[in-house]
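# Understanding the architecture of this molecule
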Amino acid sequence: MGEHNENCLVNTTLKSIDSICRSYVRFWNRTQRKVDVIWMNYEGNRVKYKTLHPHKFVDVNTFVTHPWIFWDSNTHDQMVVHGQKVFQPKPWDQDIPPNLPRQPFRRNIFITLPDTLLFSVCNMSAKKRTYNEAFLKMSFTSIIHISVVKPQCVVCGKVLSHESMKPNKLKVHFESLHSQLVDKNLDYFKRKEASLKASRLDSTGHFARQNKVALEDSYRIALKIAQTKKSHTIGEDLVKPCILEATKAILEEQQTH
């Protein structure tokens, strides 16, 4: 089922190239603004896929060489994903730890304000704390929540406040709750981090995994659309309503018999 990553092209352009390597993503709007999710098509033209309201998400079946950008619906201020203005999808099976089942996996992608706009919103009033890789030895990785980086424990999953991104506060949590792990090496916490990121909870408290069959079917539809080099929005605007209408008609007919 999984693609071989070495066969997946790396796209450095602002247009889609092919539809070979699958990527399942869930775009989250972690800002207080309405954000346009925009696909760069095969000609390099911008195609608006959807407008996301604050703290909403949309599931997209895309491909490794399909770039995406995001901007404020009103001002066209550009948003970022992990600090980058352009999102280049990864193969769906990349970074899945070997101890987890290799089944279709939808990756959470968080759209946030760039630092310049974030500082403007905060009026430079709060000190920005940054994540340090040394924190992992104290069981902490990082997570972005509503445009703010916060520490998350890889052992119990607890997310602390941004203000807690300090060694002494992280150490208190680690030594008071996970003292039995103080002698574990860094590789242990790296494995814990990988497992956490592969099954990180979304905002509803459910794993961001989808039914395997449904996800595979939705991919096949996305592949057909991509092979015709048509816009991704056809799936949302045409195919999905047709499927819903057909399913409704079938169920109604079954109920009458």
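Residues numbered from 1 in each chain as written. Predicted model: local features only at pLDDT ≥ 70, side-chain atom pairs only at ≥ 80, totals over all residues. Heavy atoms only, no water.

### Topic: the overall build of the chain
- The secondary structure content of the chain amounts to five helices and nine strands.
- When the helices and strands of the chain are read in sequence order from the N terminus, they spell out β-β-β-β-β-β-β-α-β-β-α-α-α-α.
- Out of the 257 residues belonging to the chain, those deemed buried represent 42%.
- Here the analysis covers contacts within the chain between residues at least 6 apart in sequence; of these, 65% occur between residues at least 24 apart.
- Only carbon and sulfur atoms are counted for the fraction: they give 54% of the accessible area of the chain, which is about 14,500 Å². (Helix = DSSP H or I, 4+ residues; strand = E, 2+ residues; numbered from the N terminus. Buried < 20%, exposed > 50% of the residue type's maximum accessible area, 1.4 Å probe, protein only. Contact = heavy atoms within 4.5 Å. Areas by Shrake-Rupley, 256 points an atom, 1.4 Å probe, with all protein chains shown as cover.)

### Here's the deal with the nonpolar core
- Membership of the largest hydrophobic core comes to 19 residues, with the highest contact counts inside it found for Phe 27, Val 37, Val 60, Trp 68, Phe 70, Phe 87 and Ile 111.
- Listing elements by their share of this core, those giving two or more residues are strand E1 (22-29), strand E2 (35-40), strand E3 (46-52), strand E4 (57-63), strand E5 (68-72) and strand E7 (107-112). (Core = buried A, V, L, I, M, F, W, Y, C linked by side-chain atoms within 4.5 Å.)

### Structural notes on the state of the cysteines
- Counted under the stated rule, the structure contains zero disulfides.
- A disulfide-free cysteine, Cys 153 has its sulfur positioned 3.6 Å from the sulfur of Cys 156, the nearest such atom.
- Judged by relative accessible area, Cys 153 falls into the buried class, the value being 0%. (Disulfide = S-S within 2.5 Å.)

### A word on the sheet that holds strand E6 (residues 80-81)
- Ordered by their spatial adjacency, four strands build an open sheet running E4-E1-E7-E6, and the pairing between neighbours is mixed. Whereas interior strands pair on both sides, the edge strands pair on one side only; in this sheet they are E4 and E6.
- The pairing of E6 with E7 spans two bridges and is classified as antiparallel. Within E7, the position partnered with Val 80 by the bridge is Thr 112. (Pairing = 2+ DSSP bridges.)

### Notes on the packing of aromatic side chains
- Enumeration according to the criterion identifies 10 aromatic pairs in this entry.
- Ring geometry for Phe 27 and Phe 87: centres 5.6 Å apart, planes at 85°, overall edge-to-face. Here the residue Phe 27 occupies a position in strand E1, and Phe 87 occupies one in the loop between E6 and E7, the gap between them amounting to 60 residues. Judged on exposure class, the residue Phe 27 and its partner Phe 87 are both buried.
- Each member of the aromatic cluster is reached from another via a ring pair, and the members are Phe 27, Tyr 49, Trp 68, Phe 70 and Phe 87.
- Taking NZ or CZ as reference, Arg 30 lies 4.7 Å from the ring centre of Trp 28, over its face.
- Residue placement shows Lys 184 over the ring face of Tyr 188; its charged tip is 5.0 Å from the ring centre. (Phe/Tyr/Trp six-rings, centres within 6.5 Å; stacked < 30°, edge-to-face > 60°. Lys NZ or Arg CZ within 6 Å of the ring centre and 35° of its normal.)

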